[in-house]
Structure formats: structure tokens, C-alpha cells
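# Coordinates in review
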Amino acid sequence: MEYTKKIDKKWQKFWQENNTFKVEIKDFKKPKYYCLVMFPYPSSELHVGHGRNYIIGDAVARYKRMHGFNVLNPMGWDAFGLPAENQAIKHNIHPRNWTLKNIKRITEQLKSWGISYDWDKEIATCFPNYYQWTQWLFLQLYKKGLAYRREAPVNWCESCKTVLANEQVIEGKCERCSNEVIQRNLKQWFFKITDYAQRLLDDLDKLKEWPQRVKRMQKNWIGKSVGVTIKFPVEGLDEHLDCFTTRVDTIFGASFLALNYNHPAVIKLIEDLPNKEEVLNFVSQIKKEEASLAYSQDFEKKGIFTRKFAINPMTGKKIPIWIANYILSGYGTGAIMCVPAHDKRDCEFAKKYQLPIRKVIQGPRPKGVPTEASGEENEEEVYEGEGGLINSGDFNGLGSEAAKEKIADFMEQENIGSRKTNFRLKDWLVSRQRYWGAPIPIVYCKDCGEVPLDEKDLPVLLPEVEKFLPTGKSPLAEDKKFIQTNCPRCGGEAKRETDTMDTFVDSSWYYLRYISPGNKQLPFVREDVDNWLPVDQYIGGVEHAILHLMYSRFITKFLADQGKINFDEPFIKLFTQGMIVKDGAKMSKSKGNVVAPDYIIDKYGADTMRLYILFMGPPQKEAIWQDEALQGSWRFLQRALRLVDNLNNFKEEEIDSKQEKILMQKIHSTIYEVTQDLEGNFQFNTAISRIMELVNQAYKSIQAGIKKELFAQAVDIVFLLLSPFTPHISEEVNSLLGNQGTIFDRSWPKVNPKFLKKEKGEIAILVNGKVRGKIVIDFSLSKEEVFQKAQRLDKIKKIIAGKPPKKIIYIKGKIINIVV
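Reading guide: rules and limits
Residues numbered from 1 in each chain as written. Predicted model: local features only at pLDDT ≥ 70, side-chain atom pairs only at ≥ 80, totals over all residues. Heavy atoms only, no water. Helix = DSSP H or I, 4+ residues; strand = E, 2+ residues; numbered from the N terminus. Buried < 20%, exposed > 50% of the residue type's maximum accessible area, 1.4 Å probe, protein only. Contact = heavy atoms within 4.5 Å. Polar contact = N/O pair within 3.5 Å; in protein donor to acceptor, adjacent residues only side chain to side chain. Salt bridge = Lys/Arg side-chain N within 4 Å of Asp/Glu carboxyl O. Expected span 1.5 Å × (residues − 1). Pairing = 2+ DSSP bridges. Phe/Tyr/Trp six-rings, centres within 6.5 Å; stacked < 30°, edge-to-face > 60°. Lys NZ or Arg CZ within 6 Å of the ring centre and 35° of its normal. Axes fitted to C-alpha atoms, helices over the stretch in contact; angles between N-to-C directions. Left-handed = near helix turned anticlockwise from the far one by under 90°. Nonpolar A, V, L, I, M, F, W, Y, C, P; charged D, E, K, R; others polar. Arc of directions from axis to C-beta. pLDDT = per-residue confidence, 0-100. Core = buried A, V, L, I, M, F, W, Y, C linked by side-chain atoms within 4.5 Å.

## A look at the overall build of the protein
Scanning the protein for helices and strands turns up 25 helices and 34 strands. C-alpha extents for the protein along the principal axes are approximately 105 × 80 × 50 Å. Within the protein, the fraction of its 820 residues that count as buried is 56%. Residue pairs in contact within the protein that sit at least 24 positions apart in sequence constitute 74% of those at least 6 positions apart.

## Description of the environment of H263
Looking at the secondary structure, you find H263 in the loop between β12 (256–259) and α8 (265–270). A residue is classified by how much of its surface remains accessible, and H263, at 12% relative accessible area, is buried. Excluding residues within four positions of it along the chain, H263 makes contact with L241, T333, G334 and A335. Of note is the side chain of H263, whose polar atom sits 3.0 Å from the backbone nitrogen of A265.

## As for the pattern of salt bridges
Here the structure, examined in full by the defined rule, presents 51 salt bridges. A salt bridge links E660 to K707, with the nearest nitrogen and oxygen atoms 3.6 Å apart. Residue E660 is located in helix α20 (residues 657–679), and its partner K707 is located in the loop between α21 (684–702) and α22 (708–722); the two are separated by 47 residues in the primary sequence. K666 is the partner of E693 in a salt bridge, and the nearest nitrogen-oxygen pair spans 3.1 Å. With a gap of 27 residues between them, E693 in helix α21 and K666 in helix α20 connect regions that are remote in the sequence. Look at E693 and you get partly exposed, because its relative accessible area is 37%.

## Comments concerning α22
When the terminal C-alpha atoms of α22 are compared, their 21 Å separation across 15 residues agrees well with the 21 Å that a helix rising 1.5 Å per residue should span. With 11 of its 15 residues buried, α22 lies for the most part within the structure. All of the buried residues in α22 are L710, F711, A714, V715, D716, I717, V718, F719, L720, L721 and L722.

## Considerations on the sheet that holds strand β5 (residues 147–157)
Ordered by their spatial adjacency, 4 strands build an open sheet running β6-β5-β9-β19, and the pairing between neighbours is antiparallel. What marks the edges here is a single partner per strand, and that holds for β6 (162–164) and β19 (428–429). For strand β9 (residues 181–191) and β19, the ladder comprises 2 bridges, and the chain directions are antiparallel. Bridged to F190 within β19 is L429.

## Observations concerning the sheet that holds strand β30 (residues 623–624)
Within the open sheet, the 3 strands sit side by side as β29-β28-β30. Their pairing is mixed. The open sheet is flanked by β29 (585–586) and β30, the only strands paired with a single partner. One ladder, built from 2 bridges, connects strand β28 (residues 580–582) with β29; its direction is antiparallel. Bridge pairing in β29 places K582 opposite A585.

## Description of unusual backbone geometry
Along the chain, L458 connects to P459 via a cis peptide bond; the corresponding omega equals 0°. For P459, the position within the fold is in the loop between β22 (449–452) and α12 (480–483). Here N92, not a glycine, exhibits a phi torsion of approximately 55°, which is positive. A residue is classified by how much of its surface remains accessible, and N92, at 70% relative accessible area, is exposed. Phi angles above zero are rare outside glycine, and Q354 is one such case at about 55°.

## Some remarks on the side chain of D118
For D118, the position within the fold is in the loop between α4 (95–112) and β4 (123–124). Here V23 takes part through its backbone nitrogen, which lies 3.0 Å from a polar atom of the side chain of D118. Once residues lying within four places of it in the same chain are set aside, the contact partners of D118 are F21, K22, V23, N73 and P74.

## Examining the packing of aromatic side chains
Within the structure shown, the criterion is met by 42 aromatic pairs. Plain terms: the ring middles of W133 and W136 are 6.4 Å apart, the flat faces sit at 70° to each other, and that makes the pair edge-to-face. Linking W133 with W136, this pair stays in helix α5 (residues 128–143), spanning 3 residues, or about one helical turn. The exposure class of W136 is buried, given its relative accessible area of 9%. Of note, R184 hangs over the ring of W156, and the distance from its end group to the ring centre comes to 4.2 Å. In this structure, K318 packs its charged tip against the face of F309, placed 4.8 Å from the ring centre.

## A few points about the packing of helix α18 (residues 606–615) against helix α19 (residues 627–648)
At a minimum axis separation of 9 Å, α18 and α19 run at an interaxial angle of 115°. At the point where α18 passes α19, the crossing takes the right-handed sense. On α19, the residues that touch D607, T608, M609, L611 and Y612 of α18 are A629, L630, S633, W634, F636 and L637. Looking at side-chain class alone, the contact of α18 with α19 contains 8 nonpolar, 2 polar and 1 charged residues.

## Looking at the pairing of β22
Along any regular strand, the residues point their side chains to alternate faces of the sheet. As defined by bridge partners, strand β21 (residues 442–445) adjoins β22 across 4 bridges and the pair is classed as antiparallel. Along β22, the bridge assignment pairs V443 with V451. Linkage of β21 to β22, two consecutive antiparallel strands, is achieved through a turn of 3 residues.

## Overview of helix α17 (residues 597–604)
Inspection of α17 places P597, I600, I601 and Y604 among the buried residues, and these make up the whole buried set. Looking down the long axis of α17, one finds its buried residues gathered within 100° of arc, a one-sided arrangement. Within α17, the exposed residues directed more than 90 degrees away from the buried face are Y599 and D602. Trailing α17 by a residue or two, G605 shows a phi angle of about 95°, which is positive.

## What to know about the confidence of the model for the protein
Here the protein averages 91 in pLDDT, and 95% of its residues register 70 or above. Note that pLDDT drops below 50 for residues 371–379; the model gives that stretch 18 contacts with residues more than four away or on any other chain.

## A closer look at the nonpolar core
Among the nonpolar cores identified, the biggest contains 181 residues, and L110, W428, W625 and F725 are the most heavily contacted of them. When residues no more than four places from it in sequence are discounted, the contact partners of L110 are L46, Y54, M75, W77, I115, Y117 and W119. In terms of nonpolar packing, the next biggest core, distinct from the first, is built from 40 residues, A254, V279, I304 and I321 among them.

## Overview of the environment of L72
Mapped onto the fold, L72 is located in strand β2 (residues 70–72). Exposure remark for L72: the relative accessible area of 0% places this residue in the buried category. Separated by 465 residues in the primary sequence, L72 and Q537 have C-alpha atoms spaced 11 Å apart. Leave out the neighbours within four places in its chain, and L72 touches V23, I25, Y33, Y34, C35, K121, I515 and W532.

## Overview of the pairing of β21
As defined by bridge partners, β21 adjoins strand β24 (residues 493–496) across 3 bridges and the pair is classed as antiparallel. If you follow V443 over to β24, its bridge partner there is R496.

So this is what it looks like as C-alpha cells:
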């Protein structure tokens, strides 16, 4: 038989007509498994570069179903926000029409790929029956003081004509359009995510099955710093400047203070300066460059002297106060105690402006080199590590750690400083000056001020407008009918908030809505959500590590605190797939390197595309698209299907029991190894390779003297193992072999241990890539079993010291590498 497009259509129709993938939420006859792929922005149709995560998710869902789980595998649309709106503007189409057109097109594509979604659970964030509950979520946060409005310096994208959250600024540029981001002072809405900073940090330890890379990115973004806030009196003013530092042990080397231009003290410091205009011009200049440059180590440091001095409270000496372009407003207090001998950026600035450099920490010295303890000195090398204190008065000779404690104690006793914990994480800026988003459910009354709407008045519908182009002011501000309303508190005249919510608010809770997508009374049914969540397996791109994943964790914790749900982390397992690249770059229409899936499906069939995408390399790593390799996948599927023809024409020769044993061993070792690949880190490429080897062995066995019954078993196993990857042809073969219904109602094949080879041998044990010992094992053991044996060796036990491994890499018959 041959694989044709007709097979795809036949089985897609069967699945739809028989509701094969429909899930009854209250059916608890089987254990639940919630498999979720991050829902897409419907901003354009899909190309094969998008397809990797959807096909991975589908393979996992089908595999788990065959293991007896009641699998929920839903799909929806992250339909509001800049991605869809910017594309609509580009094509001169209303965002609603553009979005709905793309939803229709992408749905057709996903169905043509054979993705096993329960389409009855479909949601779209731009529909009122969804964003009503996004507005409800806003009100819950508002009631608890976690949604608030204030004027603040914010990130502004001149191209998108809107503000951006800190997380949406990548190296000083807008994550959507890559334009430079500038700073503006605007009144905006924020969510107080900082109240959850410590919990978001601590609970990373709960996420045992998240990639270490993602957890590290979140940890760094949260950016916990433990230190001291020091009061520096300003000479001649009844003021002091608070400076936060994690290195209070270097206080005796502080030779100047540097302020961010937005620091509230700047205006007071310069108000009587004869060169005030010069300072203001400098501030205006660095305002334009700060967002894109201040995060970099190697940009030119610039500053201007305020002609004011602060007093170092530990030395009593005057130190100059500067405004500098490398001081970040978001770190600490926006005023930094600068120690050029022990900070590279401070040193570069000090050398440029000829400021003193005083060494106060002595690092380790080679034997025989005397310890220097001179006062003012121009050090060529900056030592940023810890060490022994010098030039530090009564604290000389102390190590850095001890000095930090003793100096902090002294400062608190003398009321010149206090211990403080700071976080890099800032409150989440959620308002946008754009049309295509959920309206914020707040009104402004002349008598009552800022008033939240009653829940019964939701949703606040997004009005239809003709003029939706961004101007820097929300297009809703031009719609008088929308703006004019009555105050829910006093009944008087009021005006609606005209900003809309960031799209990441919509996606911060969508995984809850899938459980009860049509409910008109509640955002979700508590009992059902508690039964189905947390999500068992979440799949998506690593680019969402800080944005969507952090926000979802925050919202889940908030809802748990309000007694709305009984879990405080949304996703148990997280898998981040690598990108597919072509011609050396990520696929994109602008680069002209996209591959259209429709063309592949028409020529080779959906299963060929699916198989190739899963076979092209480890799924967590970047993979290179090669057209010729796609043909190799097609040839393999044709070869596998010809096994059915061979079965139909099979003639039994003289039976060779040795050959039968070889085939049985190959069947069961393949089942074992493919299962291990899929239960581990989704090694689809190696799983498919093992199935190819089984196909080869089946062909060898045809002329070798085996029973037709055994050959039929081999053919059946081949397509059972292929079914999560190539569902259409697997269904077809399953039917030709006389089975009724869908192959996905059958059980995943089980291993018969007696047919596994009992080979033994010696393998190397590596810890963090270094060989630490050897051990003789049975090669039939699983990775986990080999690890258990390896860690019992005294040498390995001592090195690991009871630490749980971050990763275990096992190459059968060769090595086990334990990463701790």
C-alpha cells in the first residue's frame, strides 16, 4: 500500500465524526492528564517553524491516551494585543476581522496536521465571554490592593505607540518591533507582583520538572539582593540620600555617589546651580539613550557633577554627587554608592572624570607578594571579589562576610543604615494605549474619584471603532459613547478608563478557562479546576520564560490565596522546544525562508511532515530544516507501509526458531527503548530511529523462516509505536489488520522481559562530565536503575553528597553522566 493524502482526510473525518478526542471533564474512570501547548497569537497563518510545539504536544497527548489516561488536549487563541493588532494595521484591516480570519485559517491548518485537540474546549481571549473574566480578575486584584494606578517613568515604544512592561524590553528594544525604547513619565496601571517576589523565588524549588535554564532566568529576573540601605547626608541641605548596596564591606572605598536622572532628589540638588540648564540638557540627552544602553557593560559612561557633596557616614569625608547614565532607576533606590577600586563600571567612570580610587578589599595574593595598604592610589586592576578589609578603620583584617555583618550592626546601632532585601523584579505594568485589548473596568467620577465597576456590570465591551491606529493616546479616548457612563457608587456622571490591558493579562489565566469554557456565571468551576490542574505537561518556547510563565505563576498564587483554587503553581512539567531554522535564521516571512506546510501535505502527506519534524533532532534543541531530509522521512513511511503488502503475500517457509527469537527480542527491546525515550525528555528522534531498526529487522525476517503470526505481530507493533507520530497511516494499518475503532483506544504495547537480552558489561560513571569510576551492569536496566546502582559506590556517593541530580544522561552500554 502507498501513503496518499486520501488517508489523511479519511481519518481526520473519522476523528471528527466520532468525537474521538472529546473529553468529559467530570469523567474520572481514568486518571487525568492535562497536556497543554501554549496557545498562539492569531497574527498570521502557520509555517512549519511554528509546527514543532503543536506536533510535539500532539505526540505526547496520543501517547498518554494509549497509557490509559483521560487526556485533555485543548486549543485556543491569544487573540488580543500587539501581535495581531500590528499585523492588522500593516494589512490595513480592522484587528477583529484580521484576527478572526487567522483563527479560521490556523484551525484549518492544525486539523490538516492531524492534531488531536478537543475543539469543544476552544477559547479566544478577544471574545466577551472570555475577557469578561479577565476584567473580573482585574477587579479581584484591585480589591486586594494589588492593582493600582500611579505616575511613573515607563518604557515607551514610539513605533507601537504604547508603554511596555520591563519584561517586554529586550536589550533596550521593543520585543514586538525591535525599535528603541525610551522613558516617559505617565500615569499607568500596575499589578503588584512584587508582593509575591519572595514566593515566586522560593517556589522555583517546587518545579522539579522544569528546565534549569528557565528557572535560572526567572531567578535572575526576580533578582533578590540582600544588603544595607545607607544614609548619606547631603552637605548644606537638610536631606540625606539612601543608597542600597550588597557590598557594605566596601563602604570605606566609596569615593562618589551617582544618581539616575529620575531620582527625586535631582531637582532639589540642582535648583540653585548657575549651570542648571547644562545639567537639564545632559539629563534630556541621557533620557534618550538610557533604556538601550544602561544594561550594557561596554557603552560610554557619561556623567555631570551636581556641585553638591554627600558625607560618607563611616569616614566623615565629603564625596561628590554625580548624575550618571549607567545608573538604573529600577535597581535599589536609584542612587548608588560608587567604589571604583571594586566595581568595573565605577572604575571606568572614575578614571574618565578623575575621581579618587581607594582600595579597601585585598584579594588573595600569590605567596611572597607583600600586602599593600596605602591610602589614595590609582589601581590599574579592579578587584570585584571578596577578601580581607584594608584601609577600613576598625574593620581592617576582617573577611568580607564577617565585615558585612559587623558594619551592618554598627550602622543600625548608629542609625546610619539598615539591613534591606531588594528585588530586581518590578510591578507589572498592564495598561496599554492601544485599541485591541480588554477594557479596564474602572471609571472616574468627579465626586467619588477612581471607582471599580461592579462584577454584575461586566463585561465592559470593547466598542467597534473605525479609527484604531495608535497615536500615543488610546483610540477609545475618541469614542464619546464609550467614555461617558454613570458612577456605580453615586450614580453621577463618570468617564471610563480608556487604556486596555496587556495581552499577557489574558494569557495569565487561560489554562483555567479550558476546563469550563462556556460557563456564563463563573470564570471556572472550582471543583473541576481542582481536579484537572495543575497542568501535567506544558509545552512552548523558552522566550516566554520571564513574561508569560512568571505572570501565570503570580496569578495562580494570587487565586490560591483568595481560596479560588487549591494549588499555587500552574504547570507541573515544562518542556521548551528548540526553534527550526532555515538558511541560518529563524523562519520568518520577512527573511523569505519559511516553508509552507500545505505544500508538504499535498505532496507527501501530513504524517511525513510530522515524522520529519520529530525526527530532525533532539526536540529541545535548535534544528535545521533540510528539504532533502523530508524526502527521507517519506521514503521510510512508504517502506514501513510495504510491510502490510508483505504480510498479505506472506508465505511460511521452514521455521527457524533462532530467527524467530531474534525478531522477538528486537520487538520487545524496541518497545522498551521507545517507551524509555518518550517517558524521559521526549527523545522522539531516537525513538523513531529505533522503530526504523525494527522495520529493517522485520524485512530481514521475511526470508529467514518465521511464522506469519509473528510477522503480523511485528507489523502491528511497528504501527502502534509509530501512532503518536504518524497517526493517519497508523489508523489505516490498524484497520487493515482487522481492528475496530481507533488505534488510540488500544493500549501501548507492553514489554515481555523474557525477550530482553540479558547482556552485561562495564560502563563508565561520570559526574559533571568527569570519569569517576566504572561499574558492571545488566544492559536491560533503565537509566534510573543504573543511577541507583552507581550512586551506591563510595566514591560517587561522596561526590554527589546527597544532592538530587539536575540531569542524568545514560548511553546504553557505554556511560552514565550524573549532572549535579
